[in-house]
Amino acid sequence: MYWDIDPYHTLVEFSVKHLMINVVKGRFNEVQGSIYLDTQEPENSWVKASVNTASLSTGTEQRDIHLRSADFFNVEQYPTITFESTRVRRTTSKSCVIIGNLTLHGITRTVSFQTDFNGYARDPFSDGWRLGLLSVATIDRRMFGMHFNQVLDMGISLVGYDTRIELCIEAVKKPS
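1. Section: the side chain of Ser-15
Looking at where Ser-15 falls in the secondary structure, it is placed in strand S2 (residues 11-18). By relative accessible area, Ser-15 is classed as buried at 11%. Not counting residues up to four positions away in its chain, the partners in contact with Ser-15 are Val-23, Val-24, Lys-25, Asp-162, Thr-163 and Arg-164.

This is how it looks when you write it as structure tokens:
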């Protein structure tokens, strides 16, 4: 079955350590994509998605401006982040690993997302079917050319390199 990612019910979030003692989260508010889900043979499933990097929000304007700059996402030069799966490997009856090409900051790397299937539901307003997925991966942002960091007194990093990506995806079944 073919599905469209619902941008109004999907969260694309990231988090990094701040001062190595706490976590700061951000999100991208504009996402689009398609999913093909083969329930009989999940290995045949795939996903293609993209986010608008300028739609980044952390809730703090000054931090958002810095994250959009060349120090991090460089949204003027790299307006989108894309992911295209290359392989799906089932791990349990309701989970899998989705492996694919993540292009971020102009660099493409293979990334694995641990993905849990949250189920189906019929939308009472549209009478259409929806599915829910939760996908999580951790990347080292330096692998995507994001090297900015300040080391403070006592050798403490201002911003961690490991970046957790969490996707709470809701998708709508395409009409047959």
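Here the narrative resumes.
2. Things to note about a nonpolar patch on the surface
A cluster of nonpolar side chains, namely Met-1, Tyr-120 and Trp-129, defines an oily patch on the protein surface of about 280 Å² accessible area. When its relative accessible area of 38% is taken as the criterion, Met-1 is described as partly exposed.

3. Concerning the packing of aromatic side chains
The final tally for this structure, using the stated rule, is 10 aromatic pairs. Relative to Tyr-36, the ring of Tyr-2 has its centre 4.8 Å away and its plane inclined at 50 degrees; by these criteria the two rings are tilted. Separated by 34 residues along the polypeptide, Tyr-2 in strand S1 (residues 2-5) and Tyr-36 in strand S4 (residues 31-36) bring together distant segments of the chain. Exposure remark for Tyr-2: the relative accessible area of 45% places this residue in the partly exposed category. Following the ring pairs from residue to residue traces out a cluster consisting of Tyr-2, Tyr-36 and Trp-46.

4. Let's talk about the pattern of salt bridges
Under the counting rule described, the total for this entry stands at 8 salt bridges. A salt bridge links Asp-6 to Arg-130; the shortest N-O distance between them is 2.6 Å. Here Asp-6, found in the loop between S1 and S2, pairs with Arg-130, found in strand S10 (residues 129-140); they are 124 residues apart in sequence, far enough to count as distant. In this structure, the salt-bridge partner of Glu-170 is Arg-130, at a minimum N-O distance of 2.8 Å. Separated by 40 residues along the polypeptide, Glu-170 in strand S11 (residues 162-173) and Arg-130 in strand S10 bring together distant segments of the chain. Through salt bridges with shared partners, one network takes in Asp-6, Asp-123, Arg-130 and Glu-170.

So, how was this worked out
Residues numbered from 1 in each chain as written. Predicted model: local features only at pLDDT ≥ 70, side-chain atom pairs only at ≥ 80, totals over all residues. Heavy atoms only, no water. Helix = DSSP H or I, 4+ residues; strand = E, 2+ residues; numbered from the N terminus. Buried < 20%, exposed > 50% of the residue type's maximum accessible area, 1.4 Å probe, protein only. Contact = heavy atoms within 4.5 Å. Patch = residues over 30% accessible without salt bridge, like charges linked within 9 Å, V, L, I, M, F, W, Y side chains within 5 Å. Areas by Shrake-Rupley, 256 points an atom, 1.4 Å probe, with all protein chains shown as cover. Salt bridge = Lys/Arg side-chain N within 4 Å of Asp/Glu carboxyl O. Phe/Tyr/Trp six-rings, centres within 6.5 Å; stacked < 30°, edge-to-face > 60°.

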